[in-house]
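Working through the structure, step by step
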Amino acid sequence: MSALRTERDRDLLRVTLARPERRNAFDASLIAELTAAFSDVGDARAVVLAGDGPSFCAGADVEWMRASVELSYDENVEDARRLQAMLAAIDESPAPVVCRVHGHALGGGAGLVACADIVLAARDTVFAFSEAKLGIIPAVISPFALAKIGPSWTRRYFATGERFGAERAHLMGLVHEVVDDLDAAVEHVLAELRTAGPEAARHAKRLVLDRPDGDETARRIAERRTSAEGQALLRAFLERRR
């Protein structure tokens, strides 16, 4: 049975972790399925990443972690590279990724949150970069977490592995909004994304990932101004048309 459910809803792709009995914890199968899903999102305007059951994602599956104890150093490196490829596929997805978080986002689950472009969390969600509690470190997720929340917060929460709530996650910048009605909040964000040019939204995300400067920024805005989409939407705005 698949550990992941993917559904195309018009211009939207929904990707849902579907191991509720394991609190959607990672194993090799789920990692492979997530990598494949985010490696080809087609022409989706946005991707919604969510989890079935009581938790978004509780991190690594216990049985998967137990198996890693028996692996050699080189085998562990390859195992970690597969996890890194999954996180990179989400982070670099051309379509904006909206993360719907509830219950728990622990360890690698918090890593998923760090890779998303827009994060909406239920008020009672619990987060943790909990690897230190297990005698390991959040190495693979660290580039994504550092990019999202910076060195100050990671120095504390990577070292302690302690849990923290949604309001603290919001203060840190890991979460954009803490809400009471998750589904309504997701729909509001999707409605906003649908008012943006689909190509422009993708190029805007790429702008943040690439962080160009100087002549490259001038080249990119010139490309968008002279593109068919840019011309059409700019003219509509100037002529006060939808």
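Residues numbered from 1 in each chain as written. Predicted model: local features only at pLDDT ≥ 70, side-chain atom pairs only at ≥ 80, totals over all residues. Heavy atoms only, no water.

**Topic: the packing of aromatic side chains**
Under the counting rule described, the total for this entry stands at five aromatic pairs. On the numbers, 6.1 Å between centres and 20° between planes, the contact of W153 with Y157 is stacked. With W153 and Y157 both in helix 5 (residues 142–160), this residue pair falls four residues apart, about one helical turn. Through successive ring pairs, a cluster of aromatic residues spans F127, F129, W153, Y157, F158 and F164. (Phe/Tyr/Trp six-rings, centres within 6.5 Å; stacked < 30°, edge-to-face > 60°. Helix = DSSP H or I, 4+ residues; strand = E, 2+ residues; numbered from the N terminus.)

**Describing helix 7 (residues 182–194)**
An ideal rise of 1.5 Å per residue puts 18 Å on 13 residues; helix 7 measures up with 18 Å between its terminal C-alpha atoms. Among the residues of helix 7, L182, A185, V186, V189, L190 and L193 are the ones counted as buried. Looking straight down helix 7, one finds that the buried residues subtend no more than 135° of arc, so they occupy a single side. In the core, the buried residues of helix 7 are packed alongside strand 2 (12–17), strand 3 (46–51), strand 4 (97–101), strand 6 (118–122) and strand 9 (177–179). Capping the start of helix 7, D181 holds a side-chain oxygen 3.4 Å from the backbone nitrogen of D183, two or three residues further along. (Expected span 1.5 Å × (residues − 1). Buried < 20%, exposed > 50% of the residue type's maximum accessible area, 1.4 Å probe, protein only. Arc of directions from axis to C-beta. Contact = heavy atoms within 4.5 Å. Polar contact = N/O pair within 3.5 Å; in protein donor to acceptor, adjacent residues only side chain to side chain.)

**Some points on the pattern of salt bridges**
The tally for this structure, following the rule as stated, stands at 26 salt bridges. In this structure, the salt-bridge partner of E78 is R81, at a minimum N-O distance of 2.7 Å. On the criterion of helical spacing, the pair formed by E78 and R81 is a turn pair, its members being three residues apart in helix 3 (residues 73–91). Overall, the relative accessible area of 37% leaves E78 in the partly exposed class. Between K205 and D117 there is a salt bridge, with its nearest N and O atoms 2.9 Å apart. (Salt bridge = Lys/Arg side-chain N within 4 Å of Asp/Glu carboxyl O.)

**Here we look at the sheet that holds strand 2**
Pairing is mixed across the open sheet formed by six strands, whose spatial order is 1-2-3-4-6-9. In the strand order of this sheet, the two ends are held by strand 1 (4–9) and strand 9, each with one partner. Averaged over all pairs of adjacent strands, the angle between their axes in this sheet comes to 20°, without regard to strand direction. As judged from the three bridges shared by strand 6 and strand 9, these two strands associate in the parallel manner. Residue pairing for strand 9: A122 is matched across the bridge by V179. With respect to the sheet, helix 7 is in contact with strand 2, strand 3, strand 4, strand 6 and strand 9, its orientation differing from that of strand 6 by roughly 165°. (Pairing = 2+ DSSP bridges. Axes fitted to C-alpha atoms, helices over the stretch in contact; angles between N-to-C directions.)

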